[in-house]
Amino acid sequence: MATEADRTETTTGSTTEDAAQIDTYTDRGSNPLTLAWYYLRRYPIIPIFILALLLIAAIIGPYVAPFPRDKGFSHDRNLGLWERSRAAYIPLGGTTIAELSYRACDFIDPNGGTQSENIAQCGKLHILGADHTGRDIFSRLLHGSRISIAVVTFSLTSGMILGTAVALFSGYYGGIFDELVTRFVDIWNALPFLMVAIVVTQLFGAKIEVLIWKVDMLLFVLMLVAWVGFVRVIRAQVFVLRELDYVAAARVAGASDIRIIWRHLVPGIMNTVIVVASLNTSGLILAESTLSFVGAGIQPPTPAWGVMTNEGRDYILEAPHLTLVPGTAIFLVVLSMNFFGDWLRDRLDPRLRQVA
Amino acid sequence: MFRFLAGRILTSLISVFGATLAIFILVHVNPKDPREIFVPQSGYGLTQESWNRLGDRLGFDKPAPVQYVEWLGRVFRLDFGVSLGLQIDVWDIIKGRLGATVQLGVGGWLIAVLMGIPTGVVAAVWRGGIFDYLARFVALVGQAAPAFVTGIVMIWLFSVNLTAISDDSPFAFLRIFAMPAGGRTPDELRWKEYVLPCLALGWGSAAGLMRLTRSSMLEILDSEFVKMARAKGVGNTTVIFKHALRNALIAPITSMLLLFAGFLNGALVVEIVFSWPGIGQVALQEAVQNNDFPLLLGTVIIFLMYFLVFATLADILYTVIDPRVRLR
């Protein structure tokens, strides 16, 4: 998926739509849509707000979640599963107005209170409803937000370090090593990552032990997906940098290769690295949720958003919120990340419009 | 040209060997006895004799390179063994399901191409108009929504909500696209059932293609020779179709060929969502959930070959269309 896109855009080398957008901005003002788009691209406040929420949820979410993560919580056991789930669903707005009234009507209160009282009671407790085993969806979302952040902090970061290091060395030394690396990256790109991830997870188990921690295999799989994204772009950048005069001067002054790479090349590629990382993040989050969805990523009791979407799928007739709420969460995060990445690219390294 | 072709095909062959070698190593580097993943986890009803026979079949007494070559020979003869769960030859299972997956992939690809490229052209020509913003909005949504979420929302809209509305509603006709409940067999598929899965599969790529087409069209419309044509007094239609479109379409057409190989990846997920009777369902539902390793391995290898063949073809066609690539 992501690899295809990379390849396409690198090889065609054509500018993305944003390049042409600059002249669109000059004649702005005539059209409110143009103006709205311009400000959204220029000041991505909403996306940054959503991403900040995600970060906060990941840090403090599990401590402030109103309900336990894995334990179903039933308010009154006299109600059947569906009644409970439906009652909790109403505050969300219902699917259609007809549905809403239908749901309000068929609700039977066993304790003698009025219907509306009971609904209000349930609604207050579960902000986003409860799932098929009575677990609070909001709490599970909060717990699940950690996984996206884990993917970014572990998989993306380690992939970034690995990919950048490979790119630095192959770009700096060139020659046969560079040739080998390029071929290897091409072959790596040609593998269908979903399948590879499934095989790896199946063989080694969904969790592996690293020292004292049990780590999700998924994080390593995603690291192996992430690192190739960096190699080509950064290698090209290193090719340019290593020919510059200050690098030659450093070499004349007797600096070692390692010193040149670390002190003279790394600062020069830092912007590119950050931009490529932010552009790859949404792809990785998508990959994580897809793998969790098909059952090859995070395993069920842990509420990854993809897992939640998959679990709710069977109940789409009776309680669509089980799957729509986590699905929307994934969508919003990826959308914000796309906006944020584009913005960062325009700010830090506009040349990358052509490449990434 | 010949050099390029030879090089490209050589790279693909290396990829095939590399990938099979990687799978072989993965299977054998496993700390467990490799036999354990070829038999049901409980080891139910397995005698010592058949355990040894399995070892013989896998060639444990031979050195690893010999084992690899023998395994590769079996793979090329399409002998993947017998599925643990279904007790049917793995290749037979895959053969019966491959068609549906290819149909889905082609359908999704057609949607991506037919939606993405014309929309991109129109959006570029009417830049800043309502249609442009609409197209860009749809593209943004398509790029951010994973295929499984799109698919589920479609099922929810069409199969759940549309069945609740009255018959005289203007939207009632959309019901024909609703998926019938329960699984289906490949020969029952009707064209209406293709619409939603293909749309779910193709939307993301359509968004990418649309952005690419739009940007390359904008770039060309801004170039000197188009201005020249306009200055000479050539009509708008002629400029767009004769001068700009032909040049602008090189990038999207080449990328749409490359997209095709990637579609099989996405097809797996969409198959699960729509209970489509293709390989994805076998590979993911049955093989992953039942720990059916021979089935999984067979599927993966078939998939890998399929993927590599299409990627190579796309690359070769790419150079035919755009000869500049060969210079790199």
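What you are looking at is a predicted structure, and each value in this text was computed from that prediction instead of being measured. (Residues numbered from 1 in each chain as written. Chains lettered and ligands numbered in written order. Predicted model: local features only at pLDDT ≥ 70, side-chain atom pairs only at ≥ 80, totals over all residues.)

(A) Quick look at the overall build of chain B. Secondary structure summary: chain B contains twelve helices and zero strands in total. The order of α-helices and β-strands along chain B, N terminus first, is α-α-α-α-α-α-α-α-α-α-α-α. Relative to its 328 residues, chain B shows a buried fraction of 40%. (Helix = DSSP H or I, 4+ residues; strand = E, 2+ residues; numbered from the N terminus. Buried ≥ 20, exposed ≤ 12 C-beta atoms within 10 Å, placed from the backbone.)

(B) Broad picture of the overall build of chain A. When you go through chain A residue by residue, the secondary structure sums to 15 helices and two strands. Classification of the 356 residues of chain A by burial places 46% in the buried group. Long-range pairs, those at least 24 residues apart, make up 74% of the contacts in chain A with a sequence separation of at least 6. (Contact = placed C-beta atoms within 7 Å.)

(C) The packing of helix α4 (residues 90–125) of chain B against helix α7 (residues 192–221) of chain B, seen in detail. Residues and elements named next belong to chain B. Direction vectors running N to C along α4 and α7 enclose 35°, while the axes themselves pass 5 Å from each other. The hand of the α4/α7 crossing is right-handed. Of the residues in the contact of α4 with α7, the class split is 22 nonpolar, eight polar and one charged. (Axes fitted to C-alpha atoms, helices over the stretch in contact; angles between N-to-C directions. Left-handed = near helix turned anticlockwise from the far one by under 90°. Nonpolar A, V, L, I, M, F, W, Y, C, P; charged D, E, K, R; others polar.)

(D) Expanded view of the confidence of the model for chain B. Residue and element names in this part refer to chain B. Overall, the predicted model of chain B reaches an average pLDDT of 76, with 76% of residues at or above 70. The lowest-confidence element of chain B is helix α2 (residues 48–58), averaging 70 in pLDDT; the highest-confidence one is helix α5 (residues 130–144), averaging 85. The ipTM value of the predicted complex is 0.78, and its pTM value is 0.76. (pLDDT = per-residue confidence, 0-100.)

(E) Representation of the environment of B:Ala64 within the structure. All names here are of chain B. Looking at where Ala64 falls in the secondary structure, it is placed in helix α3 (residues 64–76). For Ala64, a count of 11 C-beta atoms within 10 Å translates into the label exposed. Sequence-wise, Ala64 and Leu5 are 59 residues apart; in three dimensions their C-alpha atoms are separated by 33 Å.

(F) Examining the confidence of the model for chain A more closely. All names here are of chain A. In this model, chain A carries an average pLDDT of 72, and 68% of its residues clear a pLDDT of 70 or more. Taken together, the stretch residues 1–26 has pLDDT below 50 and engages in 53 contacts with residues farther than four places along the chain or on a different chain. A low-confidence stretch, residues 73–123 (pLDDT under 50), is modelled with 63 contacts involving residues beyond four sequence positions or located in other chains.

(G) The nonpolar core, seen in detail. In terms of nonpolar packing, the biggest core is built from 151 residues, with A:Val151, A:Leu222, A:Phe230, B:Val269, B:Val270 and B:Val300 touching the most fellow members. Not counting residues up to four positions away in its chain, the partners in contact with B:Val269 are A:Thr290, A:Phe293, A:Val294, B:Ala147 and B:Phe148. (Core = buried A, V, L, I, M, F, W, Y, C linked by C-beta atoms within 7 Å.)

(H) A look at the environment of A:Gly295. Note that A:Gly295 resides in the loop between α13 (257–294) and α14 (305–312). Distance from A:Gly295 to A:Phe220, taken between C-alpha atoms, is 16 Å for residues 75 residues apart in sequence.

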